[in-house]
Each structure stands twice: as C-alpha cells, then as structure tokens.
Amino acid sequence: MFRNISKTIKEIRDDFFLYLWFLLGQQNLKKIEKETASAAQIQKKLLKSILRLQKNTQYGKKYNFATIRSATDFQKAHPLTTYEHYKSIIEDIANTGNFTQLVAEPITFFQVTSGTTGKGKLIPRTKRLSLSFLKISQAMGAFAESYYQKQRISTKNCRTLGLVNALPLDSTPSGILTGSPTSKGLRQLNKSKLARQFVGLKFTSSASVFLIPDYKEAYYCHLLFALLEPRLSSISANFASNILEALQTLEQKWPQLVDDIEFGRIDRNLNLDPATREELESSLQPNPALAESLRTEFEKGFQGILPRIWNQLSCIACITTGSMRLYRERLEYYANGVPFYSGAYGASEAWIGINLDPQREPQSYVIAPHSAFFEFIPIKEIDADTPTTVDLTSLCIGESYEIVVTTVAGLYRYRMGDIVRCIGFYNQSPIVEFLYRRGSLLNLAGEKVSEDTIFTALTEGIKTFGDDCQIVDYSIQMEFSSHPWRYAIYLEVSKILETPSNLQLFRDKIEQVICELNQVYSILRKSNIIGALELNLVSKDSFKELKTKIISQGSSEAQFKMPRLLNNLKPELVEFLQDKVYYRASSTQRTLERSLIH
Ligand code: AMP
C-alpha cells in the first residue's frame, strides 16, 4: 500500500513538473503575442538597448553607437553586412578570447555552420541570445501542446520521440566552445539533474540516449524506447529530413528492434559504449506481447505505419518548408494524415519567427519582434550596391524581401540571405512565408531561377512515371564549362528508370515548367544563351552517401540540409555525385524545340 501511495505521489509530482513547464511556455507565448501588438515600439526599444549595451566595445566606438539616436541614424552610420565583414574580428576573438572587440558580454559559444562550401562560419552566441532562443522555443512547445494535445498534460500521455543527439564539441584556441547549439544544449544533461529529470518526463528516451554521439546509433535507441510507449503523443526533430532518416531506419531495422523488445536488450551489433549500454539495458524488460503486436503491424508494410503503432500520435513537429518540402511529401506515406507542425523559422544568427496558424498552407511564420532588430530589403533591390531597407511593420503584403538582422550578439545590419514573402500581419508583426536562400538561386545569365521553381518543375516532371515514382533528392550544378552554359540536375528517384523515351520526356517537362515559371530563363533558352538542361539520374542511395560524407566532415545530422547548389560544394563531393550517374538526358534539337513551345 505504501509503495502505491509513493508511486501516486511521484506521478502527481511529475505531472505537476510537466505542467509547470507548459505554463512557462504559455507565458512566453502570451508575451510574444503581446509584443506583436506593439512591434514597432519593441523594435525601437530593442535597437536602443543593443546600441547602449555595445557602445563601449571597440566595434561600438568605431561606429559611434553612443551618438546614434534612431533607426535612421543607425542605417546612416552602419553599412549592410555579410559574414565577411566580421570574419577577421571573429577569428581574432576565437584565438585570443578578447570578446570586447565586438560585444560587451562574453561569447559563451560559437555555432559552426555546416561548412559544405569550405570552412564553416563561426556565429557568436551570448547569454542574452541564448535566452531569447529559449523564450521562443518554449513558446513554440506550449503552442504545439495546446493546439494538438487534446488530453490533460500528464507524463502518461505527453511523451515525445525527440530525434536529436549530441555531437562532441570542439573549442577555439582561446577555449570558447564550438559546435552545434543542439549539442551544446544537450551536453547540459551531463551537468544538470533537473534537465535530466525533465528529459525523462517529456521524452521517451532518457538523457543517455540523447548523449550518444553517433546519430545512427542514437536514432536506433530513440526508436526502441519510443516503440515501448504505445501512447506516444508527438514526434519532434529540427527538420523533416531528420524524421525521414529515422523512419527509414525503422523500416530497415524493425526486425532487430522488435527482437530487442521481445528479449529486453539492445542489439549487440549496435556500437554503444559499454556504460551507456549497461544503463539503457537496465531499464528494459522482456515484452513478448508488445513485440508480437508490433511485428504484426510492421509485416503489413510501412504505409501509414505511424498512426497504426501509435494511435494517440497527435502531431509531427519539424520544419517542412523551404528545401524540406520534398521530405514532407515523402513523410506523408508513413504519417497517413497525422498533422505536421512546422513551428520554427530560425537560424544560428537569430530566431526569426513562430508559426501561429498551422492550418494555413503554405506554413508561415509570425516574426518575433523581440528576437532581433529587423530590416527588409525589397526583392528588386537585393542586387543593388546600396539597397534601401524597410522596417518590420512596413512590409507590403504579397511582396518579397531579404531579411536583415541586428542581434544582441554582435551582428549589425546582417544580411541573412533568406528571401521571404509577406503574406499578412499578426497584429503589427508580419507573417512570412519562406521562399528560398539567395545563395541557392541559379543564375547563369541573369535569369535567377529559385529552388522553389526547380522543385515545382521536378514534381511536375516526375508525374511522367506515374504515382509510384518519387523524388528522393536532388542537387543542381550551374555548368560554366559547357558551351553554352547550362544547368545540370543530379536527381535520385525511388525506382530505377530504364525507359529512355520517358526519361527524355521527363527532362523536357522539367525544362518546360522552368520556362513557364521564369520568363527570363525562357528567353535565354530560346536564344540559346543558356543551353539545354541536362538531367543526370544517380543510383540508389547516392544522396544518402553524400550526406554521410558531409556529416563525417563534422556537420551534425540535426542541422543538415542537402546542398541544392553543387557549385557551393567541395569539388571532391561533386565528383562523388558525378560518378554515380547512370543515365544522362540532354536535349536533342527536336526535344529542345518541343520544350520551348510555351
Ligand atoms: P542554420 O543557421 O544552420 O540553423 O540554418 C538556418 C537557415 O535554415 C535559415 O537561414 C533558413 O535558410 C533555413 N531555415 C530555418 N528555418 C526554416 C524554415 N522554417 N523554413 C525554411 N528554411 C528554414
């Protein structure tokens, strides 16, 4: 009886703890909503406080922050910048630790960007910036919980399969930690008992699973512990691609996972460190009944598997916009109607926005006025020498802009390279749809074809092969070595295509849709200034292998985004993909003419 009472007390305490966390998030959500109602004022105050905070740094003195009185003064005194502007200062801070060159408070961490194009950038983090990220991520969690979770918040029905893991961190010569912020955050689990306790309540995996450095092994264990929880409430990861990777692991490894559940152990072939294995296995018990029911479901196939094995699954939280659209479509196969919540729009430099209307398609984000001082370059000016900017509350609905941020952590009028479209307002704050990254634009001769256009062309083109053929992944190279210059698309599809006539039609269709969507491309093709697009089909798993290669060079799976533009990639990685080509379709004059009729 005493054991039962103490169990009940523990459950009440745990539920209370979870509920408190939810309330904290809700409070932050309310704050952000309130801030959108006075966005102009919040922005003004934020800029003032950043300039006041940094005015005595070497950087602040150089640009006379102390004398700046308004946003207009600031824009006159300080140019628009890119990473190049800060590179030498940041390298010096990394070497000497002398952060006061740039910021008044210590740099606690450098986030390393992926570095597929060369050496990764180091983006400074300070305590203030981290707190601003925390505020919005808690708010997003609370929004998702109250929107999708129909039952009372409790440890019994609020468990999440969280698909992240901690990579080892590195440090600069002066001792500042570097790496991915997710890894930095998860490393806290080593230090904080409270954080470990929270993870144990909120997620199906214990802290030790999140600390497994290899993502493949971490995903296996995350899946194992999630399968043990039939009342799983949500799945969460940074990107749709992370969830797809995990579900492919499930599809491949379910026999081992089910055996592990049956016998209460972890597959011997999994390369876990002995202490982690011992700890994780100590929490497992043989469960033949659950193993049998899971085996039955897996044997039926993977279409719609998620709601079949977790019938209380209420949402899949991950970014599904931008280059993640492709994976979102493939995830539908497994999800069979379980809703997706693309809650976050953020970057290492600053968190940009939060999705407050998941019903709206395409998924869109309300810009969070507290997270940075925002400016926007109208799309027609992005290539100008000195573009003008508009402020947060003055965007025009339907217009596109590049985002510029001034942050609390030492970036001033920094061009993010992200192009967004304003689709409305939430109080005074714009709601934006992510369009593309400026650096991923295809531009041989002034045509500026966006990633979105290529994606639409590929999805239209693939229909040539019927419903059962899907795009697995793709990248594009602007070929300056061919005459005339042209695009070469490297594409992996879900089945081997061996019908050359259809492949030629596929290629033609892609080119036709690009011509329809981009008039300049169409004109340049007609005059043969741009040559016929080349379609290269690559063999099965080529992109998976490319990803493994990029990740093995130090990127994290949680942050990984497939590079769409091969011109930005290291030459050996491009050659790797080129070696995988099994079919090449370039236009004959006849097909070229056909594709240009429109
Ligand atoms: P990172 O700094 O590596 O975290 O990457 C940040 C970049 O990822 C942003 O600048 C965007 O280009 C992209 N990104 C982040 N969130 C989203 C989103 N919700 N939709 C589309 N792209 C996004």
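If you're wondering where the values come from, they're calculated on a predicted model, not measured in any experiment.

S.K.: Help me understand the overall build of the protein in this model?
M.R.: A tally of helices and strands in the protein yields 21 helices and 20 strands. Computed over C-alpha atoms, the radius of gyration of the protein comes to 25 Å, within 12% of the 25 Å expected from 2.2 N^0.38 for 598 residues, which places it in the range of a compact globule. For the protein, the spread of C-alpha atoms along the three principal axes comes to 85 × 70 × 45 Å. By the burial criterion, 55% of the 598 residues in the protein qualify as buried. Sequence-distant contacts in the protein: of pairs separated by 6 or more residues, those separated by 24 or more amount to 67%. Here the protein displays about 26,600 Å² of accessible surface, and carbon together with sulfur accounts for 52% of that area. When the 71 basic and 63 acidic side-chain charges of the protein are each reduced to a single mean position, those positions are 7 Å apart.

S.K.: What is the right way to read the site of the ligand from this model?
M.R.: Lining the immediate surroundings of the ligand are 14 residues, of which Thr 321, Ala 344, Gly 346, Ser 348 and Asp 418 lie closest. In this structure, an oxygen atom belonging to the ligand sits 2.7 Å away from a side-chain N or O atom of Asp 418. In the environment of the ligand, an oxygen atom lies 3.2 Å from a nitrogen or oxygen atom belonging to the side chain of Arg 437. For the ligand, whose accessible area on its own is 500 Å², the fraction buried by protein is 88%. Residue assignment for the shell around the ligand shows that the elements contributing at least two residues are strand 9 (344–346) and strand 16 (429–437). Here the element with the most residues in the shell around the ligand is strand 9; it accounts for three residues. Grouping the constituent residues of the shell around the ligand by class yields six nonpolar, five polar and three charged.

S.K.: Sorry if this is basic, but what is going on with the sheet that holds strand 18 (residues 486–493) here?
M.R.: In spatial order, the strands read 17-18-19-20; together these four strands make up an open sheet with mixed pairing. Both edges of this open sheet fall to strand 17 (471–479) and strand 20 (581–585), since each of them pairs with a single strand only. Each strand of the sheet is rotated relative to its neighbour by a mean of 20°, with strand direction disregarded. Where strand 18 meets strand 19 (residues 534–538), four bridges bridge the pair, whose relative direction is parallel. When the sheet's bridge partners are listed, Tyr 490 is paired in strand 19 with Asn 536. The strands touched by helix 16 (residues 451–462) are strand 17 and strand 18; relative to strand 17, the strand with the most contacts, the crossing angle is about 125°. This element, helix 20 (residues 571–578), spans strand 17, strand 18, strand 19 and strand 20 of the sheet and lies at about 120° to strand 17.

S.K.: Would you mind going over the pairing of strand 12 (residues 373–378) with me for this structure?
M.R.: Successive residues of a regular strand alternate their side chains across the two faces of the sheet. Most of strand 12 is tucked away, with six of its six residues classed as buried. Alternating positions in strand 12 separate into two faces, Phe 373, Glu 375 and Ile 377 on one and Phe 374, Phe 376 and Pro 378 on the other, with burial throughout. Relative to strand 14 (residues 400–406), strand 12 runs antiparallel, the two sharing six bridges. Counterpart to Phe 376 in the pairing with strand 14 is Ile 403. Pairing of strand 12 with strand 13 (residues 390–391), which is carried by two bridges, proceeds in the antiparallel orientation. The partner of Phe 376 across the bridge, within strand 13, is Val 390.

S.K.: How should the pattern of salt bridges be read in this particular structure?
M.R.: Pairs can form between side chains of opposite charge whenever their charged atoms are close. Throughout the structure, instances matching the rule amount to 36 salt bridges. Taking the shortest distance from any N to any O, the salt bridge between Glu 534 and Arg 486 comes out at 2.9 Å. Taken together, the residues Glu 534 in strand 19 and Arg 486 in strand 18 connect sequence positions 48 residues apart. Residue Glu 534 is classed as buried on the basis of its relative accessible area, which comes to 6%. Taking the shortest distance from any N to any O, the salt bridge between Glu 545 and Lys 580 comes out at 2.9 Å.

S.K.: Even after reading the chapter, I still don't get the pairing of strand 1 (residues 109–112), so can you show me in this structure?
M.R.: In the sheet, strand 1 pairs with strand 2 (residues 122–125) via four bridges, with the strands oriented antiparallel. If you follow Phe 110 over to strand 2, its bridge partner there is Pro 124. In terms of strand pairing, strand 1 meets strand 5 (residues 177–179) through two bridges, oriented parallel. What sits directly across from Gln 111, in strand 5, is Gly 179.

S.K.: What should I look at first to understand a nonpolar patch on the surface in this one?
M.R.: Nonpolar side chains collect at one region of the surface, where Phe 16, Tyr 19, Leu 20 and Leu 23 lie side by side and expose about 380 Å² of accessible area between them. Residue placement: Leu 23 occurs in helix 1 (residues 2–37).

S.K.: Hey, could you run me through the packing of helix 10 (residues 215–227) against helix 11 (residues 240–263) in this one?
M.R.: The relative placement of two packed helices is expressed as an angle between their axes plus a distance between the axes. Closest axis-to-axis distance for the helix 10/helix 11 pair is 9 Å, and the angle between their directions is 65°. The hand of the helix 10/helix 11 crossing is right-handed. Residues Tyr 215, Lys 216, Tyr 219, Tyr 220, Leu 223, Leu 224 and Leu 227 of helix 10 form the contact with helix 11, whose own contacting residues are Asn 242, Glu 245, Ala 246, Thr 249, Leu 250, Lys 253, Gln 256, Leu 257, Asp 260 and Ile 261.

S.K.: I'm lost on the sheet that holds strand 7 (residues 315–319) in this one. Help?
M.R.: Strand pairing within a sheet occurs via backbone hydrogen bonds; the two strands may be parallel or antiparallel. The parallel open sheet is built from four strands, whose spatial order is 3-6-7-8. Each edge of the open sheet is held by one strand with a lone partner, namely strand 3 (160–162) and strand 8 (340–341).

S.K.: Sorry, what's going on with the packing of aromatic side chains here?
M.R.: Note on aromatic pairs: each is described by the distance of the centres and the angle between the planes. A complete count under the given rule lists 27 aromatic pairs for this structure. Site record: aromatic cluster; members linked through ring pairs are Tyr 59, Tyr 63, Phe 65, Phe 74, Tyr 86, Phe 373, Tyr 412 and Tyr 414. Between the NZ or CZ atom of Arg 125 and the centre of the ring of Phe 133, over which it lies, the distance is 4.1 Å. Against the face of Tyr 474 rests Arg 564, its NZ or CZ located 4.3 Å from the ring centre.

S.K.: When you look at the nonpolar core in this model, what are you seeing that I'm missing?
M.R.: Across soluble globular proteins, you tend to see nonpolar side chains buried next to one another. Core analysis: the largest hydrophobic core is formed by 103 residues, its most contacted members being Ile 235, Phe 298, Leu 306, Trp 310 and Leu 491. Those residues in contact with Ile 235 that lie beyond four places of it in its chain are Thr 160, Leu 161, Leu 163, Ile 243, Leu 306, Trp 310, Leu 313, Cys 315, Ile 316 and Ala 317. The next biggest cluster of nonpolar side chains, apart from the first, holds 67 residues, and it includes Ile 93, Leu 129, Ala 372 and Val 405.

S.K.: I would appreciate a short explanation of helix 18 (residues 519–526) in the present structure.
M.R.: An α-helical turn contains 3.6 residues, so a residue and the one three or four places further along point in the same direction. Within helix 18, burial applies to Tyr 521, Ser 522, Leu 524 and Arg 525. For helix 18, the arc enclosing every buried residue in end-on projection is 165°, short of the 170-degree limit, so these residues lie on one face. The outward face of helix 18, more than 90 degrees from its buried face, is lined by the exposed residues Gln 519, Ile 523 and Lys 526. Capping the start of helix 18, Asn 518 holds a side-chain oxygen 3.1 Å from the backbone nitrogen of Val 520, two or three residues further along. Immediately downstream of helix 18, the backbone of Asn 528 shows phi near 60°, a positive value.

S.K.: Any chance you could explain the environment of His 78 here in plain terms?
M.R.: Its location among the elements puts His 78 in the loop between helix 4 (71–77) and helix 5 (83–96). Residue His 78 is classed as buried on the basis of its relative accessible area of 1%. The contact partners of His 78, leaving out residues within four places of it in the chain, are Tyr 59, Tyr 63, Phe 65, His 85, Tyr 86, Tyr 412 and Arg 413. Separated by 2.6 Å, the side chains of His 78 and Tyr 59 make a polar contact.

Criteria and cut-off values
Residues numbered from 1 in each chain as written. Predicted model: local features only at pLDDT ≥ 70, side-chain atom pairs only at ≥ 80, totals over all residues. Heavy atoms only, no water. Helix = DSSP H or I, 4+ residues; strand = E, 2+ residues; numbered from the N terminus. Rg over C-alpha atoms; globule rule 2.2 N^0.38 Å. Buried < 20%, exposed > 50% of the residue type's maximum accessible area, 1.4 Å probe, protein only. Contact = heavy atoms within 4.5 Å. Areas by Shrake-Rupley, 256 points an atom, 1.4 Å probe, with all protein chains shown as cover. Lys, Arg positive; Asp, Glu negative; His and termini not counted. Charge placed at Lys NZ, Arg CZ, Asp CG, Glu CD. Near = heavy atom within 4 Å. Polar contact = N/O pair within 3.5 Å; in protein donor to acceptor, adjacent residues only side chain to side chain. Nonpolar A, V, L, I, M, F, W, Y, C, P; charged D, E, K, R; others polar. Pairing = 2+ DSSP bridges. Axes fitted to C-alpha atoms, helices over the stretch in contact; angles between N-to-C directions. Salt bridge = Lys/Arg side-chain N within 4 Å of Asp/Glu carboxyl O. Patch = residues over 30% accessible without salt bridge, like charges linked within 9 Å, V, L, I, M, F, W, Y side chains within 5 Å. Left-handed = near helix turned anticlockwise from the far one by under 90°. Phe/Tyr/Trp six-rings, centres within 6.5 Å; stacked < 30°, edge-to-face > 60°. Lys NZ or Arg CZ within 6 Å of the ring centre and 35° of its normal. Core = buried A, V, L, I, M, F, W, Y, C linked by side-chain atoms within 4.5 Å. Arc of directions from axis to C-beta.

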